[in-house]
Structures are given as C-alpha cells and as structure tokens.
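# Secondary and tertiary structure notes
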Amino acid sequence: MAENISVEEYLQQIKHATAIIESRIGGSSELKHPRVMIICGSGLGGIADTLDPSSIIEISYSEIPGFKTSTVQGHAGKLVFGLIGANKVPVMCMVGRLHFYEGYTFQQTTFPVRVASKIGVSTVIVTNAAGGINAEYKAGELMLIEDHINFPGLAGWHPLRGPNMEEFGPRFQPLSDAYDHELRKLFVTVAKDELKLTRKINEGTYFFAAGPTFESRAEVRLIRTLGGDAVGMSTVPEVIVARHCGLRVLALSLITNEGVGEKPPSALHENPKALDEGMASHDEVLETANEASKDVQKIIESVVNKL
C-alpha cells in the first residue's frame, strides 16, 4: 500500500477518482463504460489519434484525485476517452504513464488500472519502448510480450506488497497466464494477414528494471543470461495489477535501441571501438518510436475493433 495510507483510504481514492471520471463522461452513453484501456508508452501517445475525433473526451491527470503528474518527455499526462473502429469500441487511453523512477510508489503508478477496472474495462493493452537484449532484435522491430521477469519484485519491490485488496483479487496472484494467448494470436493475424505489414514481430520475455538509467554493458549481459529479450522501466507493475483485477492483457514492446553488451574498450590494449558506440538515449527512443508508431497504431486500432 502507498506510504502512510490505509487500504480503506486507497479504496476511497479509487472510488472518488471513478466518480469524477464518470461525471465527466456521463453525458456520452457510448463512453460511460469503456471496454479497453490502452496505456501509451514513450513516443506512442499517437495511438489516441486512432479514436473518432467527434467522440473524444480528454481529462488531465491533474483533474483526477489520486492520479499523479507524468513528468517524462513524450508522456502527455491525460486520459483520452473515445470510440475506435467501425464497431465503435469505447476505449480509455492513458496518454503518458507513471513510473516508479519518478519517485512514485507502485500503488500510485498502477492506480489508473484499478480505476479502469471500476469503470468497466475488461481488457488492457500496454505498450512501451524497450531496449533490445536478444542479439537478433533490431531497432524498429516489435516484440509481443509472452512473459516477464519482475526484477524489482523478486527483491521485494512489488505492486501487490502490503495488505491484499480482496475486492480486486487473491492474496497470491498467479502470473503464468498473464499475457493472453488469444489476444497475441489476434495481434499477429491482424498485422500479417489483414494489414500485410512487413515490420518484424518477435515474441519474447520483457525484463523490468526500475530505471531511470539505461543498462550498463554488464547488466545487458546479465539480463540476457537471465532470459530477458527486451528491457524497460514500466509495464510489469501495470500488468500485475491488471491481472489482479481480473483483466485480460495484451502487451507490446517497440524495440527502440539495441543493448550494448560487449565489454568496454580496454585501457590495456588497442581497441578501435569508441566507448559511446551504440549508447542509448531518450531522444533515440522517441525518434524510433515515432518512425514505427504508425504501424503500431494501425494494428491496435484493428485489434480493438474486434474486441
């Protein structure tokens, strides 16, 4: 539970936030109970552009009790409600997620997921920008997440730490089925058979590191050894809480850079490689995300239209 707040207080915050949101979208019967929540990762906020413009209702995080401020470049910090596709599926887009490294607790970063479950969401689509750990992954490729490694969680920093909120889910939440198989199959079918996209889609394990630093060379080698195919600073807490709420999950990583795992140039021997060769940056993340975002938007729009 968040610092200095009881379960009862936290539940009251959720109730208050839910009431505020419902009052803002209450005038639209179509949006009153969104079926899908889409969490937009770094550089992927354009997913909200797939919504029917005439249906959109925006609410800033600052207007919702319990929501914290998004402080990261590329994260707008607002909820966007609207309809997607010919089937007019009502969705809730979280444009700008919250991160543990920003100084928030996991209960604060996952608060929007709890609220989403209370207003009728049954499926969560989580997107992120991630570094490629698998040596075969290239920048610009996609990775459907089939499993994860919750590294902070293994050390005790877990979003379900503290008193269990029984009204959402069990004390001991299983995660072997965290990433919905049917949703992953639908994603691939839409991308390859319906949209005929050529962008490579991988399927792998997402390694959650707390951040905010990009990984060292030794850490890249460690993550690769532990079985991680991509690494990022988000997603897993949201997925865990979504599953605790009984929601289906589809999660996608956009590989924005290739992790540097080779040992650094030696001071004892001549080495032609520069120390900063291949070094990651947030600008690179946003640039690569921008280039691939159109494909991601097309796939997600078509997938949601079928839910």
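Quick caveat, the model's predicted, so the values are computed rather than measured.

## A short note on the UniProt feature "binding site: a purine D-ribonucleoside" (unreviewed entry) in the protein
This chain's UniProt record puts "binding site: a purine D-ribonucleoside" (unreviewed entry) on Glu 215 and Asn 257. A maximum C-alpha distance of 11.6 Å is found for the annotated residues, which run over 43 residues; spatially they form one tight group. Tracing the backbone shows Glu 215 in the loop between β7 (201-208) and α6 (217-226). In contact with Glu 215, not counting residues within four places along its chain, are Ala 209, Val 220, Ile 223 and Val 231. With respect to the secondary-structure elements, Asn 257 resides in strand β9 (residues 248-258).

## Some words on the UniProt feature "binding site: phosphate" (unreviewed entry) in the protein
Per the UniProt entry, the sites bearing "binding site: phosphate" (unreviewed entry) are Ser 42, His 75, Arg 97, Leu 98, His 99, Ala 129 and Ser 234 in this numbering. Along the chain, Arg 97 turns up in the loop between β4 (89-95) and α2 (106-109). Within the structure, Arg 97 has its side chain in polar contact with the backbone oxygen of Thr 127 (distance 2.9 Å). Relative to the helices and strands, His 99 is located in the loop between β4 and α2. His 99 gets classed as buried once you look at its relative accessible area, which sits at 5%.

## Looking at the nonpolar core
Membership of the largest hydrophobic core comes to 53 residues, with the highest contact counts inside it found for Ile 21, Met 37, Leu 79, Phe 81, Val 124 and Tyr 179. Examining the composition of this core, we find that six residues originate from one element, helix α1 (residues 7-25), more than from any other. Setting aside residues up to four positions removed in sequence, Leu 79 forms contacts with Ile 21, Ile 57, Glu 58, Ile 59, Tyr 61, Ile 64, Phe 67, Met 92, Cys 93 and Met 94.

## A few points about the packing of α1 against helix α3 (residues 111-118)
Look at α1 against α3: their axes get within 9 Å of each other, and the N-to-C directions meet at 60 degrees. By the angle class used here, α1 and α3 are oblique. Crossing of α1 against α3: the hand is right-handed. Two secondary-structure elements touch here, α1 through Tyr 10, Gln 13, Ile 14, Ala 17, Thr 18, Ile 21 and Glu 22 and α3 through Phe 111, Arg 114, Val 115 and Lys 118. Class assignment for the residues of the contact of α1 with α3 results in six nonpolar, two polar and three charged.

## Brief notes about the side chain of Thr 109
With respect to the element layout, Thr 109 can be found in helix α2. Relative accessible area serves as the criterion here: at 4%, Thr 109 is assigned to the buried category. A polar side-chain atom of Thr 109 sits 3.0 Å from the main-chain carbonyl oxygen of Phe 106. Setting aside chain neighbours within four positions, we find Thr 109 in contact with Leu 98, His 99, Phe 100 and Tyr 104.

## Examining the side chain of Ser 55
Positionally, Ser 55 belongs in the loop between β1 (36-40) and β2 (57-60). Judged by relative accessible area, which is 12%, Ser 55 ranks as buried. Polar contacts involving the side chain of Ser 55 include one to the main-chain amide nitrogen of Leu 83, which spans 2.9 Å. Apart from the residues lying within four places of it in its own chain, the contact partners of Ser 55 are Leu 31, Phe 81, Gly 82 and Leu 83.

## Digging into unusual backbone geometry
For the bond running from Gly 211 to Pro 212, omega is 10 degrees, close enough to zero to count as cis. In this fold, Pro 212 is placed in the loop between β7 and α6. For Lys 88, which is not glycine, the phi torsion reads 50 degrees and is therefore positive. Tracing the sequence through the fold places Lys 88 in the loop between β3 (78-84) and β4. Among the residues examined, Lys 88 registers a relative accessible area of 43% and is labelled partly exposed. Although it is not a glycine, Lys 196 adopts a positive phi angle of roughly 55 degrees. For Lys 196, the location among the structural elements is in the loop between α5 (181-194) and β7. Taking relative accessible area as the criterion, Lys 196 reaches 59% and is therefore assigned exposed.

## Things to note about α6
Three or more residues of α6 are buried, namely Arg 217, Val 220 and Ile 223. Projected onto a plane normal to the axis of α6, the buried residues spread over an arc of 125 degrees and lie on a single side. On its buried face, α6 is in contact with β7 and β8 (230-232). Gly 227, located one to two residues past α6, shows a positive phi value of around 105 degrees.

## Description of helix α7 (residues 236-244)
Most of α7 sits out of view: nine of its nine residues are buried. Phi turns positive, to about 80 degrees, at Gly 246, one or two residues after α7.

## Describing the state of the cysteines
Under the defined criterion, the tally for this structure stands at zero disulfides. In this structure Cys 40 is not part of a disulfide, and its nearest cysteine sulfur, from Cys 93, lies 4.9 Å away. Relative accessible area serves as the criterion here: at 1%, Cys 40 is assigned to the buried category. Cys 245 carries a free sulfur, and the closest cysteine sulfur to it, the one in Cys 93, is 18 Å from it.

Quick notes on the rules
- Residues numbered from 1 in each chain as written.
- Predicted model: local features only at pLDDT ≥ 70, side-chain atom pairs only at ≥ 80, totals over all residues.
- Heavy atoms only, no water.
- UniProt positions renumbered as here; feature names shortened; annotations may be inferred.
- Helix = DSSP H or I, 4+ residues; strand = E, 2+ residues; numbered from the N terminus.
- Contact = heavy atoms within 4.5 Å.
- Polar contact = N/O pair within 3.5 Å; in protein donor to acceptor, adjacent residues only side chain to side chain.
- Buried < 20%, exposed > 50% of the residue type's maximum accessible area, 1.4 Å probe, protein only.
- Core = buried A, V, L, I, M, F, W, Y, C linked by side-chain atoms within 4.5 Å.
- Axes fitted to C-alpha atoms, helices over the stretch in contact; angles between N-to-C directions.
- Parallel < 35°, antiparallel > 145°, perpendicular 65-115°, else oblique.
- Left-handed = near helix turned anticlockwise from the far one by under 90°.
- Nonpolar A, V, L, I, M, F, W, Y, C, P; charged D, E, K, R; others polar.
- Arc of directions from axis to C-beta.
- Disulfide = S-S within 2.5 Å.

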